[in-house]
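If you want the building blocks of each chain, they are given just below.
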Amino acid sequence: MLNMDLSQRVVINTADLEWQNSPAAGVLRKRLAREEAERGHATSIVKYQAGAKFNAHPHPLGEEILVLDGVFSDETGDYPAGTYLRNPEGFVHAPFSVEGCTLLVKLHQFQPTDSQQVAINTNEAQWLPGHGQLQVMPLHQHGTESTALVKWPAGTHFQPHRHFGGEEIYVISGEFIDELGRYPAGTWIRSPHLSQHNPYVEQDTVILVKVGHL
């Protein structure tokens, strides 16, 4: 098990981790949280080298993907950097990448009643006004769980707040900051239920945020 105590705050700069081999040739990964060796709850950065592929497989309790660079593909289509995907339980695919790609992948973390399949090209979706100067792009919501991209213009300060159901952040670009530290692009932060902080940015920053699921 790795980082499976959901009551503990975890901060990982993924740039500091070494790539490790996966069971598929040409597919590498950086483990962020993992329940068992090759099944169960897992959060990882995954790299497909050019031409790499996985055999067809299902995803018990779902698969959630953000394409960070390159083009990720399966039988349903080709998904460029910036694509957000949700494949629910019962979905089977054989993913591959012709040119190579890097992904943020979360496995076995859907609520049992969540069967929605999602494919959003965030390069084309609309930003909506959020609190203050923030802009928000909603990606998914089910029950108390909500996932979105949030764009922080340089100099934005957010009010101190508490996370009911916890918060998970992946810094896509820029640098996210709070009283506990500074988090450059590529940082993964998981904050437990009822944690609190007072975040701000000094430069334009985009983060992926999931709340209400811990």
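Our subject is the structure listed above.
So, here's what we can say about the structure. (Residues numbered from 1 in each chain as written. Predicted model: local features only at pLDDT ≥ 70, side-chain atom pairs only at ≥ 80, totals over all residues. Heavy atoms only, no water.)

## A look at the overall build of the chain
A tally of helices and strands in the chain yields 0 helices and 21 strands. For the chain, whose C-alpha radius of gyration is 17 Å, the value lies close to the compact-globule estimate of 17 Å for 214 residues. Across the 214 residues in the chain, those meeting the buried criterion constitute 47%. Partitioning the contacts of the chain with sequence separation of at least 6, the portion at a separation of at least 24 is 64%. Put simply, the chain shows about 10300 Å² of open surface, and 52% of that area lies on carbon and sulfur atoms. Separation of charge centres in the chain, based on 15 positive and 24 negative side chains, amounts to 4 Å. (Helix = DSSP H or I, 4+ residues; strand = E, 2+ residues; numbered from the N terminus. Rg over C-alpha atoms; globule rule 2.2 N^0.38 Å. Buried < 20%, exposed > 50% of the residue type's maximum accessible area, 1.4 Å probe, protein only. Contact = heavy atoms within 4.5 Å. Areas by Shrake-Rupley, 256 points an atom, 1.4 Å probe, with all protein chains shown as cover. Lys, Arg positive; Asp, Glu negative; His and termini not counted. Charge placed at Lys NZ, Arg CZ, Asp CG, Glu CD.)

## Some points on the nonpolar core
Counting residues in each nonpolar core, the largest one holds 15 residues, and the members touching the most others are Leu32, Leu104, Leu139, Tyr170, Trp188 and Leu208. Mapped by element, the contributors of at least two residues to this core are β1 (10–13), β3 (27–34) and β13 (135–142). Filtering out sequence-adjacent residues up to four positions away, Leu32 remains in contact with Leu2, Asn3, Ile12, Thr14, Leu17, Thr43, Ser44, Ile45, Leu104 and Trp188. Counting 13 residues, the second largest nonpolar core, distinct from the first, contains Ala52, Val67, Phe72 and Cys101. (Core = buried A, V, L, I, M, F, W, Y, C linked by side-chain atoms within 4.5 Å.)

## Let's talk about unusual backbone geometry
Backbone geometry at Asn3 places phi at a positive 50°, although glycine is not the residue there. Considering the arrangement of structural elements, one finds Asn3 in the segment before β1. In this model, Leu61 sits at a positive phi of 55°, which is unusual for a non-glycine residue. By the secondary structure assignment, Leu61 is in the loop between β5 (57–58) and β6 (63–74).

## Remarks on the side chain of Thr43
Tracing the backbone shows Thr43 in strand β4 (residues 42–48). When near neighbours in sequence (up to four residues on either side) are disregarded, Thr43 contacts Lys30, Arg31, Leu32, Ala33, Leu104, Val105, Lys106, Gln109, Glu168 and Trp188.

Scope: geometric values only; no functional claims are made or implied.
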